Amino acid sequence: MSLYIFDMGEVLLLGVNVLGRLADEYGLDYAEFRKDYANYARPLDEGYMDPNDYYRHLEDRFMIRIADDPFAAFFDPVYNHPVLEMVDQLRSRGERCVIGSNTFKPHWDMLNGRYSELAGHFDALYASHIMHMSKPYTAFWRMILEREGVNAKDAFFIDDKSENIQAAESMGIRCFEYHLDNSRLKEFLAL
C-alpha cells in the first residue's frame, strides 16, 4: 500500500488566499500587509497564535478595527473536482489518501461546515495547527508517516509550493508540484 498526501490549498480547494481580500476590505497596502503577515504565518499555521490575537495585532499595527473573523469571512474557495476524482480513484484501488495541509483554525473549522464534503474523500486529515508543526519542516511529514505506519519511499506528496516539494523530496518522498494541470497529475499518479 502507498500513501498519498495531498495539500489542501490550491490543490484540493482553489482560491484559498484571503490576504488580498482582507487588505482590500481594510484599505491596507497589500505589499506592507503581506510583509507583516509573513512574521505571523508560522505561529498561526502551527497553532501557537490564535487568529484573534493576530487580529488585535493588525488593529494596533495598522490602526484599523477588525470586525468578526475575516479569515473565515473571506474564505470562499471552490472544490478542485478533477483532483478529488483522482483521489476517489486511488482509494477505490485500495490506496490510502490523506490531507496534509498548512492551515489554521478558521479555515479548518470550515472543513467541518461548508466544506465537510472534502473530508469524506480522505482516510485521514493532518492540519499543521493541530500537529503544531508546518511545512516545509520535515517534522511535518515525519509525523504523518509515523502515524500512518508508512516509509518515505512508499509515500507520494502533491503540493503547489516548491519549498514544500523540495523538503519532502529530501526525505525520500516522491513528489508532484501541482499547478492546475490535472493531466500531468493524472500521468504522475498513473506511474
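Sequence positions are assigned chain by chain, starting from 1 and proceeding in written order. Residues qualify for local features only when their pLDDT is at least 70, as the model is predicted, and side-chain atom pairs are given and counted only at 80 or more; totals for whole chains, interfaces and linings, by contrast, use all residues. Side-chain measures here rest on the full set of heavy atoms in the structure, leaving out hydrogens and waters.

> I keep staring at the overall build of the protein chain and nothing clicks. Help me out?
Helix numbering and strand numbering both begin at the N terminus, where a helix is a DSSP run of H or I of at least 4 residues and a strand a DSSP run of E of at least 2. In terms of regular secondary structure, the protein chain is built from 12 helices and 7 strands. Our radius of gyration is a C-alpha quantity, and the globule rule it is checked against amounts to 2.2 Å times the number of residues to the power 0.38. The globule rule puts the C-alpha radius of gyration for 191 residues at 16 Å, and the 17 Å found for the protein chain is close to it. Considering only C-alpha atoms, the protein chain reaches an extent of 55 × 30 × 25 Å along its principal axes. Whether two residues are in contact is decided by their heavy atoms, any of which lying within 4.5 Å being enough. Considering only contacts in the protein chain between residues 6 or more positions apart, those separated by 24 or more positions represent 67%. A positive count includes Lys and Arg, and a negative count includes Asp and Glu. His and the chain ends are not counted in either. To locate a charge, the coordinates of NZ of Lys, CZ of Arg, CG of Asp or CD of Glu are taken. Taking the 20 positively charged and 32 negatively charged side chains of the protein chain as two groups, their mean positions are separated by 4 Å.

> Would you take a moment to explain the packing of aromatic side chains for this structure?
Where two aromatic rings form a pair, the distance of their centres and the angle of their planes describe that pair. Any two of the Phe, Tyr and Trp rings considered here, Trp counted by its six-membered ring, make a pair once their centres fall within 6.5 Å; the pair's planes then place it as stacked at under 30 degrees, edge-to-face at over 60, or tilted in between. Going through the model one piece at a time under the given rule, you end up with 11 aromatic pairs. Ring centres of Phe 6 and Phe 122 lie 6.0 Å apart, and the angle between their planes is 65°; on these two criteria the pair is classed as edge-to-face. Highlighted residues: Phe 6 in strand 1 (residues 3-6) and Phe 122 in the loop between helix 8 (116-119) and strand 5 (124-127), separated in sequence by 116 residues. Buried residues are those whose accessible area, probed at 1.4 Å on protein chains only, stays under 20% of the maximum for their type, while exposed residues exceed 50% and partly exposed ones sit between those limits. You can call Phe 6 buried: its relative accessible area is 0%. A relative accessible area of 7% places Phe 122 in the buried class. Between Phe 140 and Trp 141, the aromatic rings sit 5.6 Å apart at their centres with planes inclined by 85°, giving edge-to-face as the arrangement. By relative accessible area, Phe 140 is classed as buried at 0%. On the accessibility criterion, Trp 141 (0% relative accessible area) is buried. Among the aromatic residues, those joined into a cluster by ring pairs are Tyr 37, Tyr 40, Tyr 54, Tyr 55, Phe 71 and Phe 104.

> Any chance you could explain the sheet that holds strand 5 here in plain terms?
The strands making up a sheet associate through backbone hydrogen bonding, with each pair oriented either parallel or antiparallel. As summarised here, the arrangement of the 5 strands in space is 5-4-1-6-7, forming an open sheet in which the pairing is parallel. Among the strands making up the open sheet, the edge pair consists of strand 5 and strand 7 (174-177). Taken over all neighbouring pairs, the strand axes of this sheet differ in orientation by 20° on average, direction set aside. With 4 bridges joining them, strand 4 (residues 96-101) and strand 5 adopt parallel strand pairing. Counterpart to Val 98 in the pairing with strand 5 is Ala 124. To obtain an axis, a line is fitted to C-alpha atoms, over the contacting stretch when the element is a helix, and the angle between two such axes runs from 0 to 180 degrees between their N-to-C directions. Seen against the sheet, helix 10 (residues 138-148) touches strand 1, strand 4, strand 5 and strand 6 (155-159) and runs at an angle of roughly 150° to strand 4. For two strands to be treated as a pair, DSSP must find no fewer than two bridges joining them.

> When you look at the environment of Asn 182 in this model, what are you seeing that I'm missing?
Among the structural elements, Asn 182 can be located in helix 12 (residues 182-190). Look at Asn 182 and you get partly exposed, because its relative accessible area is 22%. C-alpha separation for the pair Asn 182 and Met 86, spaced 96 residues apart in sequence, amounts to 9.2 Å.

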